[in-house]
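Descriptive analysis of the structure
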Amino acid sequence: MTLQAIKWNREDGKLEILDQTLLPATTSYIQIKGVKDGWNAINKMQVRGAPAIAIVGSLSVAVEILQHPNYEDKKALFQAIKDNMNYLVTARPTAVNMKVAANFFTELTNLLSLSDKLTLSQMKDKFIDNVDNMLMDDIRYNKVIGEYGADEILCNVPEGSSVRVLTHCNTGSLATAGYGTALGVIRSLHKKGRLEHVYCTETRPYNQGARLTAYELVHDKIPATLICDDMVAALMKTKQITAVVVGADRIAENGDTANKIGTYQIAILAKYHDVPFYVAASLTSKDSNMSNGDQIVIEERPEREMTHMNDKRIAAEGITCWNPAFDVTPASLITGIITNFGVSKPSDGSDFVL
Ligand code: MRU
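Rules behind the numbers
- Residues numbered from 1 in each chain as written.
- Predicted model: local features only at pLDDT ≥ 70, side-chain atom pairs only at ≥ 80, totals over all residues.
- Heavy atoms only, no water.
- Near = heavy atom within 4 Å.
- Polar contact = N/O pair within 3.5 Å; in protein donor to acceptor, adjacent residues only side chain to side chain.
- Areas by Shrake-Rupley, 256 points an atom, 1.4 Å probe, with all protein chains shown as cover.
- Helix = DSSP H or I, 4+ residues; strand = E, 2+ residues; numbered from the N terminus.
- Nonpolar A, V, L, I, M, F, W, Y, C, P; charged D, E, K, R; others polar.
- Domains from an automatic or database assignment.
- pLDDT = per-residue confidence, 0-100.
- UniProt positions renumbered as here; feature names shortened; annotations may be inferred.
- Buried < 20%, exposed > 50% of the residue type's maximum accessible area, 1.4 Å probe, protein only.
- Axes fitted to C-alpha atoms, helices over the stretch in contact; angles between N-to-C directions.
- Parallel < 35°, antiparallel > 145°, perpendicular 65-115°, else oblique.
- Left-handed = near helix turned anticlockwise from the far one by under 90°.
- Contact = heavy atoms within 4.5 Å.
- Pairing = 2+ DSSP bridges.
- Salt bridge = Lys/Arg side-chain N within 4 Å of Asp/Glu carboxyl O.
- Buried area = accessible area lost by both parts, 1.4 Å probe.

**Quick look at the site of the ligand**
Around the ligand, the surrounding shell holds 18 residues, and the nearest of these are Arg 48, Gln 208, Asp 249, Asn 259 and Lys 260. Within the side chain of Arg 48, an N or O atom sits 2.8 Å from an oxygen atom of the ligand. Here an oxygen atom of the ligand sits 2.9 Å away from a polar atom, N or O, in the main chain of Ala 50. Notes on the ligand: free accessible area 420 Å², of which the protein chains cover 99%. Secondary-structure elements contributing two or more residues to the shell around the ligand are α2 (50-67) and β9 (257-260). When grouped by side-chain class, the residues that make up the shell around the ligand number seven nonpolar, seven polar and four charged. Domain assignment of the residues forming the shell around the ligand places at least three in each of domain 1 (6-138) and domain 2 (147-344).

**Let's talk about the confidence of the model for the chain**
With 98% of its residues at a pLDDT of at least 70, the chain reaches an overall mean of 96. Overall fold confidence for the complex sits at a pTM of 0.96, while the interface term, ipTM, reaches 0.99.

**Let's talk about the UniProt feature "active site" (unreviewed entry) in the chain**
The UniProt record annotates "active site" (unreviewed entry) at Asp 249. Among the secondary structure elements, Asp 249 is positioned in the loop between β7 (243-246) and β8 (250-251). Asp 249 sits in the buried class, given a relative accessible area of 7%.

**A word on the packing of helix α1 (residues 35-43) against α2**
Put simply, α1 and α2 touch, their axes get as near as 8 Å, and they point 165° apart. Judged by the inter-axis angle, α1 sits roughly antiparallel to α2. Crossing hand, α1 versus α2: right-handed. Every residue of α2 that contacts α1 at Val 35, Gly 38 and Ile 42 is listed here: Ile 53, Gly 57, Ser 60, Val 61 and Glu 64. For the contact of α1 with α2, the residue count by class is four nonpolar, three polar and one charged.

**Some thoughts on the sheet that holds β7**
One key point about sheets: their strands pair by backbone hydrogen bonds, in either a parallel or an antiparallel sense. Strand order in the open sheet made by the seven strands is β6-β5-β4-β7-β10-β14-β15, with mixed pairing throughout. Looking at which strands have only one partner, the edges of the open sheet turn out to be β6 (224-227) and β15 (342-344). Direction aside, the axes of adjacent strands within the sheet are offset by 25° on average. Across the sheet, helix α5 (residues 120-154) is in contact with β4 (163-167), β7, β10 (277-280), β14 (336-339) and β15; its angle to β14 comes to roughly 145°. Each of β4, β5 (195-201), β7 and β10 is contacted by helix α9 (residues 263-273), which is oriented at about 145° to β10, the strand it contacts most.

**Concerning the pattern of salt bridges**
Under the definition given, this model contains 16 salt bridges. Put simply, Asp 129 and Arg 10 hold a salt bridge, and the shortest N to O gap is 2.4 Å. Linking Asp 129 in helix α5 with Arg 10 in the loop between β1 (6-9) and β2 (14-18), this pair joins segments that are 119 residues apart in sequence. A residue is classified by how much of its surface remains accessible, and Asp 129, at 32% relative accessible area, is partly exposed. With relative accessibility at 25%, the residue Arg 10 sits in the partly exposed group. A salt bridge links Arg 140 to Asp 137; the shortest N-O distance between them is 2.7 Å.

**Examining the UniProt feature "site: Transition state stabilizer" (unreviewed entry) in the chain**
Per the UniProt annotation, the sites labelled "site: Transition state stabilizer" (unreviewed entry) are Cys 169. Along the polypeptide, Cys 169 turns up in the loop between β4 and α6 (182-191). Those residues within four positions of Cys 169 in sequence are excluded, and the remaining contacts are Arg 48, Thr 201, Thr 203, Gln 208, Gly 209, Thr 213 and Lys 260.

**Quick notes on the domain arrangement of the chain**
Assigned domains within the chain: domain 1 (6-138) and domain 2 (147-344). Once you take the C-alpha centre of each, domain 1 and domain 2 turn out to be 27 Å apart. In this complex, domain 1 contributes 25 residues to the contact, which on the side of domain 2 involves 29 residues. Of the roughly 2,200 Å² buried between domain 1 and domain 2 on both sides combined, carbon and sulfur atoms contribute 52%. Scanning the region where domain 1 abuts domain 2 turns up one salt bridge. With a shortest N-O distance of 2.9 Å, Glu 299 and Arg 92 are connected by a salt bridge.

In structure tokens, the structure reads:
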């Protein structure tokens, strides 16, 4: 059985997502009936992970369009798609993927609206075809990333030996249309029979590692161990980690990368312990408008994610909290960025081209 975070049936226009706030205890799908539901699900992190956010956001626009068949003309349809896409961008600010999708669909539907050859209904179909393609494209990209990443990690170890990898947050089937980015690299290493062990961090405060990555690893029977976020230095000192591989929410032009809070400190520890540090992401995570990571807006989440575990308060009453959801790892700490186009090396400063 494959893990499916997003269920989309084009025939009846039905979109359901696995509610990730309830995992691993409860497997429950919720229906997304339009853009408002899409925005809420992204904002409340019922769906999360940069690629999944963009896919569910775009699909929620498709649902909205299918439910409102009476647009006056193609211009009105274009305006509705543009407005809805831009609204969804506001649900979470750091991951670039929803913005990339919004730009792509705005440009595409603008062109479609100007074409004399297309009727309103054909324009609608073409938009939905393209949203549909996002799901298949994402899985395809992830499998390619998995292969490139596995080859890159294996080329630095003796022939036939197996590797021990550390990952952070959740970058797997739950964060994408399927297979995953960093977790896709881990899946590919496992498939090749070259993964000795994977360690995943708990990823406080939202616990994507303990709840979601651990769930995927157990599901796939990949040999894995969970560690707390503050055990990374000890792990690197004692367990001979071959490489770190993490995902990305936004990659600036110079290779600085925003990812889940805690990524930056893992990269620093990797440098100190001489462990190669890789970012794995599809090119849809690149932001050509940002020259470096200082320009990336970091989302700050509610204090409650830190002070409570489920509904139980674990922090002392009266304490204030700072809860940034992401941090930026400078390119100089990144050994390689693994994309669906290959591996780029930002840390040598010379040939970083994405
Ligand atoms: O806050 P989240 O759970 O959406 O953060 C997710 C991450 O930081 C992932 O590493 C990133 O989105 C890549 S998912 C393929």
